[in-house]
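# Commentary on secondary and tertiary structure
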Amino acid sequence: MSMPSPSSRPRSGLRLLLTGSLFIGGIIPLWATLEAAPEGPKLGVSMPQESIRDLDISVFPDGTGLPQGKGTAVEGKTQFEALCTGCHGVKGSGGSAEELVGRSPLNGARPDQTVGNYWPYATTIFDYIRRAMPLNAPLSLSYDQVYALTAYLLYLNGIVTDTEEMNAITLKAVQMPNRDGFYSVWGNGGH
Amino acid sequence: MNRSPTLPEDDLQPVAGGGLLDRRMFLRHGVALGGAGLGFLAFDVGGADLPLWMKTPGGPLTHYGQPSPFEKEAIRFLSANTQAPGHGVSWTPLHRLEGTITPNGLHFERHHNGVPTIHPEQHRLRLHGLFSKPIQLSLEQLLRYPMISRQCFVECGGNSHAGWHEEPIQTPVGYFHGLASSSEWTGIPLSILLDEAGLQPEARWLVAEGADAGAMNVSIPIEKALDDTLLALYQNGERIRPEQGYPMRLILPGFEAVLNVKWLQRLQAVKEPLMSRNETAKYTELEPSGKARQFTFVMEAKSIITQPSPGFQLKGPGLYQISGLAWSGRGTIRRVEVSADGGRSWAPAALQEPLLSKCFTRFRLPWRWDGAPLILKSRAIDDTGYQQPERSTLIAERGQRGYFHYNAIVAFAVESDGSLRHVYA
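Everything numeric in this text was worked out from a predicted model, so none of it was measured. (Residues numbered from 1 in each chain as written. Chains lettered and ligands numbered in written order. Predicted model: local features only at pLDDT ≥ 70, side-chain atom pairs only at ≥ 80, totals over all residues. Heavy atoms only, no water.)

## Observations regarding the nonpolar core
Using the following cut-off: Grouping buried Ala, Val, Leu, Ile, Met, Phe, Trp, Tyr and Cys residues that are joined through side-chain atoms within 4.5 Å yields what is termed a nonpolar core. Classification of residues uses two cut-offs on accessible area relative to the type maximum, computed with a 1.4 Å probe and protein chains only: under 20% is buried, over 50% is exposed, and between them is partly exposed. Residues are treated as being in contact if the distance between any of their heavy atoms lies within 4.5 Å.
L127, L193, L206, L231 and L250 of chain B are the most contacted members of the largest nonpolar core, which has 65 residues in total. With residues up to four places along the chain from it excluded, the contact list for L250 of chain B reads L190, A208, I220, T229, L230, L231, L259, N260, V261, L264 and L267 of chain B. In this structure, C84, I125, Y152 and F182 of chain A belong to the second largest nonpolar core, which totals 37 residues.

## Structural notes on empty space enclosed by the protein
Residue and element names in this part refer to chain B. The condition is simple: Here the term cavity refers to a set of points on a 1 Å grid, laid over the protein atoms alone, in which a 1.4 Å probe fits but cannot get out; the term pocket refers to an open set having protein on both sides within 12 Å along at least five of seven lines, with lining residues being those that place an atom within 4 Å of a point. Grid points are joined across faces, edges and corners, and a volume is the space filled by probe spheres set on the points.
Under the criterion given, the structure shown has four cavities of 30 Å³ or more. Within this model, the largest cavity holds a volume of roughly 210 Å³. Lining the largest cavity are 18 residues, and of these R110, A257, V258, N260 and K262 sit closest to its centre.

## As for the sheet that holds strand 4 (residues 124-129) of chain B
Paired through their backbone hydrogen bonds, the strands of a sheet run either parallel or antiparallel. Quick reminder of the rule: Two strands pair under a simple rule: DSSP has to find at least two bridges between them. For the purposes of this entry, the term helix denotes a DSSP run of H or I that reaches at least four residues, the term strand denotes a run of E that reaches at least two, and both are numbered from the N terminus.
An order of 3(A)-5(B)-4(B)-13(B)-8(B)-9(B) is seen for the six strands of this open sheet, with the pairing classed as mixed. Of all the strands in the sheet, just strand 3 (45-46) of chain A together with strand 9 (217-221) of chain B have a single pairing partner and so form its edges. Here four bridges tie strand 4 of chain B to strand 13 (residues 264-270) of chain B, and the two strands are oriented parallel to one another. Each bridged residue has a counterpart across the sheet, and for L127 of chain B the counterpart in strand 13 of chain B is L267 of chain B.

## Remarks on a nonpolar patch on the surface
Quick note on the threshold: Only residues whose relative accessible area exceeds 30% and that form no salt bridge enter a patch; like-charged residues are grouped when within 9 Å of one another, and nonpolar side chains (Val, Leu, Ile, Met, Phe, Trp, Tyr) when within 5 Å. Accessible surface is estimated by sampling points in the Shrake-Rupley manner with a 1.4 Å probe; for residues, cover comes only from the protein chains shown. Salt bridge, as applied in this entry: a Lys or Arg side-chain nitrogen positioned within 4 Å of an Asp or Glu carboxyl oxygen.
There is a patch of nonpolar side chains on the surface, built from L52, W53 and M54 of chain B and spanning about 440 Å² of accessible area. One can find L52 of chain B in the loop between helix 2 (30-35) and strand 1 (77-81).

## Digging into the interface of chain B and chain A
Worth spelling out the cut-off: Summed over both partners, the accessible area (1.4 Å probe) lost when two parts come together is defined as the buried area. In the analysis that follows, any N or O atom pair within 3.5 Å is treated as a polar contact, provided that within protein one partner can donate a hydrogen and the other can accept it, and provided that, for residues neighboring in sequence, both atoms belong to side chains. Nonpolar residues are Ala, Val, Leu, Ile, Met, Phe, Trp, Tyr, Cys and Pro. Charged residues are Asp, Glu, Lys and Arg, and all others, Gly as well, are polar.
Between chain B and chain A, the residue contacts involve 76 residues of the former and 60 residues of the latter. Across the chain B/chain A interface, buried area totals approximately 5800 Å², and carbon plus sulfur atoms make up 56% of it. Of all residues in chain B, L274, R277 and R401 of chain B give up the largest surface area on contact with chain A, accounting jointly for 10% of the area buried on that side. For the pair chain B and chain A, the interface holds four salt bridges. Measuring nitrogen to oxygen at the nearest pair gives 3.1 Å for the salt bridge that ties D56 of chain A to R266 of chain B. Applying the counting rule to chain B against chain A returns 27 residue pairs in polar contact (both at pLDDT 80 or more). Among the residues forming the side of chain B that touches chain A, the class breakdown is 32 nonpolar, 23 polar and 21 charged. Bridge count for strand 6 (residues 182-184) of chain A against strand 15 (residues 292-294) of chain B is three bridges, and the pairing is parallel.

## Focus: the pattern of salt bridges
If you walk through the whole model with that rule in mind, you get 28 salt bridges over all chains. For E73 of chain B, the salt bridge identified is with R96 of chain B, shortest N-O distance 3.0 Å. Of this pair, E73 of chain B sits in the loop between helix 2 and strand 1 while R96 of chain B sits in the loop between strand 2 (84-91) and strand 3 (109-111); the two residues are 23 residues apart in sequence, bridging distant segments of the chain. The exposure class of E73 of chain B is exposed, given its relative accessible area of 55%. Residue R293 of chain B is joined to E285 of chain B by a salt bridge in which the shortest nitrogen-to-oxygen separation is 3.1 Å. For the residue pair R293 of chain B and E285 of chain B, the accessibility class agrees, reading buried in each case. Connected through salt bridges with shared partners, the residues D56, D127 and R131 of chain A together with E209 and R266 of chain B form a single ionic network.

## Observations concerning the layout of surface pockets
Approximately 790 Å³ is the volume attributed to the second largest pocket. In terms of lining, the second largest pocket is formed by 33 residues, of which the most central are F60, D62 and T64 of chain A together with Q268 and V270 of chain B. Within the residue set of the lining of the second largest pocket, elements represented by two or more residues are strand 4 and strand 13 of chain B. Sort the elements by how many residues they give to the lining of the second largest pocket and strand 13 of chain B lands first, with three residues. A per-class count over the lining of the second largest pocket returns 16 nonpolar, eight polar and nine charged.

Written out as structure tokens, the structure reads:
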């Protein structure tokens with residue numbers, strides 16, 4: 001899989017015309033009549049960046065998208081016991097859903113892959129809990145609740161203390177134990 | 001599985017061990033084989049022996065047809081979370097299907113939190129982030145865009161994961177390899193919409209998000225988004241079904257299914273991937289070293305014999321047709337080889353045309369079973385020259401903890417009683 005550089009990217013509706021090009025005798029572009037990507041009718045309604053702010057719930061490793069709010073593990077414990085233990089077990093272990101706690105080495109025999117030993121970014125915990133958990137009521141948690149639950153999972157995994165406040169500044173600064181545990185197959189000459 | 005004792009001996013000379021015959025044999029004798037067994041329908045004017053359904057008017061017309069009530073076993077196999085019935089997978093019964101198109105009602109499912117009921121008039125697709133003109137589009141607007149159709153497979157990155165187990169799983173092939181299905185998808189080349197919104201040159205990824213309860217999100221490399229990615233609105237001619245992403249989903253031919261985001265509502269162009277849960281905690285493959293492969297998008301070449309396969313029973317020695325599926329996320333299947341002696345010798349199977357890139361390809365081969373126990377295997381080779389690996393090779397390379405992207409050669413032992421069993425051989 002080759003990775004064209006950004007500058008080589010065709011910029012118009014003719015783009016499909018340019019992929020998979022095949023010349024017969026070097027002259028007749030046989031595919032041109034078959035494959036030309038037609039112009040779209042351009043019906044998209046333009047949308048100012050501000051108007052999407054409420055709908056944009058993405059949180060990136062550099063902290064982009066983290067909202068105002070804060071919470072500690074002490075607060076998170078109460079939330080977790082009320083909302084999460086039913087599926088994830090007390091202290092995030094032994095439930096019917098994923099194990100959320102564990103620090104056993106990844107090169108050992110059959111390690112659980114958890115927030116503690118596997119997840120490379122703390123921001124992912126926030127992004128995921130906010131959009132997807134609790135499974136029976138996604139998008140129901142306040143930002144403070146999500147920060148507190150994130151802090152609690154980090155605490156259970158021995159990554160922060162129970163009183164360390166998680167907020168838009170501190171969360172992105174958390175160094176996860178497995179931060180360097182991944183290598184990208186895409187873009188490295190292979191699949 | 002056809003069986004006929006009436007072929008000329010010349011054609012029954014094996015081309016490889018275990019009784020594999022020339023792949024062209026059924027073509028030469030198609031008529032003779034087809035004719036066998038028609039005798040009992042001989043017409044009789046009295047009609048006494050004619051079946052009941054010829055003597056009473058049949059059922060009424062229907063608005064939407066259903067499979068024969070006698071095909072109750074051609075169904076998806078569900079494996080869901082007991083505390084959350086919408087969280088789980090359902091498997092395509094590949095062992096009950098022929099050809100290369102998966103019926104829409106049998107396309108595999110992977111839902112993270114159920115199938116949303118989305119009102120098409122309220123749904124919007126929004127493109128924002130590194131675009132010069134962020135836009136939103138309704139379904140009605142999108143239906144006016146130019147569309148193309150293409151046939152391709154969609155396969156979950158976790159398909160065939162039982163292959164990593166220590167012991168070979170004993171289950172019909174569809175419930176082992178059926179997190180893969182193949183359809184004709186119709187929709188808008190995504191590049192048209194990206195151009196309209198003015199994709200900026202520094203954008204390297206698109207974060208795609210669904211409108212399900214969980215807002216499933218994942219990062220897509222821009223090269224793929226601009227290449228052959230479709231915003232699909234139709235599947236096999238009809239509007240995409242709710243469990244496949246109604247009213248719209250992404251189709252990234254050859255890429256693991258999690259990137260083919262269903263119920264698509266948002267595309268955010270960015271410089272760096274989001275590192276979402278489903279591209280870090282999941283859909284990454286832990287290797288024995290403790291490091292994990294990430295962004296392993298392309299589904300490598302795979303082939304599976306679908307019949308005969310575990311759960312079926314051969315009815316004594318004689319002529320059978322081996323039939324199976326092969327596909328590759330890198331391109332077109334160039335060759336499928338079948339072995340009936342555990343891999344000592346191989347014979348090329350006939351490939352059903354047309355041969356389509358990143359699509360299910362049906363292979364078939366005649367086989368005369370002499371009743372002795374043996375081991376059947378198939379292996380696929382794609383047009384990049386990539387050959388489906390033996391299980392031992394794959395494990396030597398990746399270990400057994402990776403869970404995702406298992407594509408090793410599959411072996412079935414045929415027992416002398418005609419039963420079949422999945423084996424590691």
